[in-house]
Amino acid sequence: MFFKKYFFFLFFLFKSLLILSQNTESKSFTLKWNDNSIIQLNKDKSIVLPLVYDNFFDGLKLPTFTHLFKVQNNVNILEYQINNVKYSSLPQSSLRDIDIKDIPKEIKSDFTVTKVKNKPVAVFSLSPLVNDNGQIKKIISFNLDYSLNEKVSASSSNKSALNFVNNSVLSRGTWYKFRVDTTG
């Protein structure tokens, strides 16, 4: 009985230390737009797109917003939210080279931690156009609230990798082994 109490005490102590190691932060962004950026594709063809300054467009010719910032070593993004989003209408003339059906109906984003030149960096990406029932809106400002926590030990990450392998689509179905007599 003593060991059971001791185990639960250590378990809750460990969990509370994990919670305390979380780091919650917030960043505010204001997007500056050029509604009619001229992009020269080749000497004979150019397109006009709405772009966020110092950012690019994707393969569907939709503007993107990407922000990189330094983070501590050995951290993961626990969760993030986009709050206090302010929109502005986009003039129809800015949309002539964009297929409206490609514009998402809600904010699409991605937030990851990676390494750039062997230093940890958080990369936040956002699709700043939204199709609100046929009215195209551009995001002009928002807040990013996020929580970081320290990476768990290698033994825990190996355990999650094993779970991933067990859930593989290759673990189901019938497999056959063929012998090959010659190479080439």
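Residues numbered from 1 in each chain as written. Predicted model: local features only at pLDDT ≥ 70, side-chain atom pairs only at ≥ 80, totals over all residues. Heavy atoms only, no water.

**A few points about the pairing of strand β8 (residues 129-132)**
As a reminder, the rule being used: When DSSP finds two or more bridges between a pair of strands, those strands are recorded as paired. Going along the chain from the N terminus, every DSSP run of H or I of four or more residues is numbered as a helix, and every run of E of two or more is numbered as a strand.
Judged from the 4 bridges that link them, β8 and strand β9 (residues 135-150) form a sheet pairing that is antiparallel. Each bridged residue has a counterpart across the sheet, and for L129 the counterpart in β9 is K138. Hairpin connection of β8 to β9: 2 residues between the antiparallel strands, including N133 at a positive phi of 55°.

**Some points on the pairing of β9**
Across 12 bridges, strand β5 (residues 75-89) lies against β9 in antiparallel orientation. The residue bridging Q81 from the neighbouring strand is D145, located in β9.

**Things to note about the pattern of salt bridges**
Pairs can form between side chains of opposite charge whenever their charged atoms are close. This is how the line gets drawn: What makes a salt bridge here is a side-chain nitrogen of Lys or Arg within 4 Å of a carboxyl oxygen of Asp or Glu, nothing more. Between buried and exposed lies partly exposed: a residue is buried under 20% and exposed over 50% of the maximum accessible area for its type, with that area taken using a 1.4 Å probe on protein chains only.
Applying the stated criterion across every chain yields a total of 5 salt bridges. The closest approach of N and O atoms between D102 and K101, which form a salt bridge, is 3.8 Å. Residue classification places D102 among the partly exposed residues on the basis of a relative accessible area of 24%. Accessibility expressed as a relative area gives 67% for K101, which makes it exposed. The closest approach of N and O atoms between K137 and D132, which form a salt bridge, is 3.0 Å. Residues participating in the shared-partner salt-bridge network are D99, K101 and D102.

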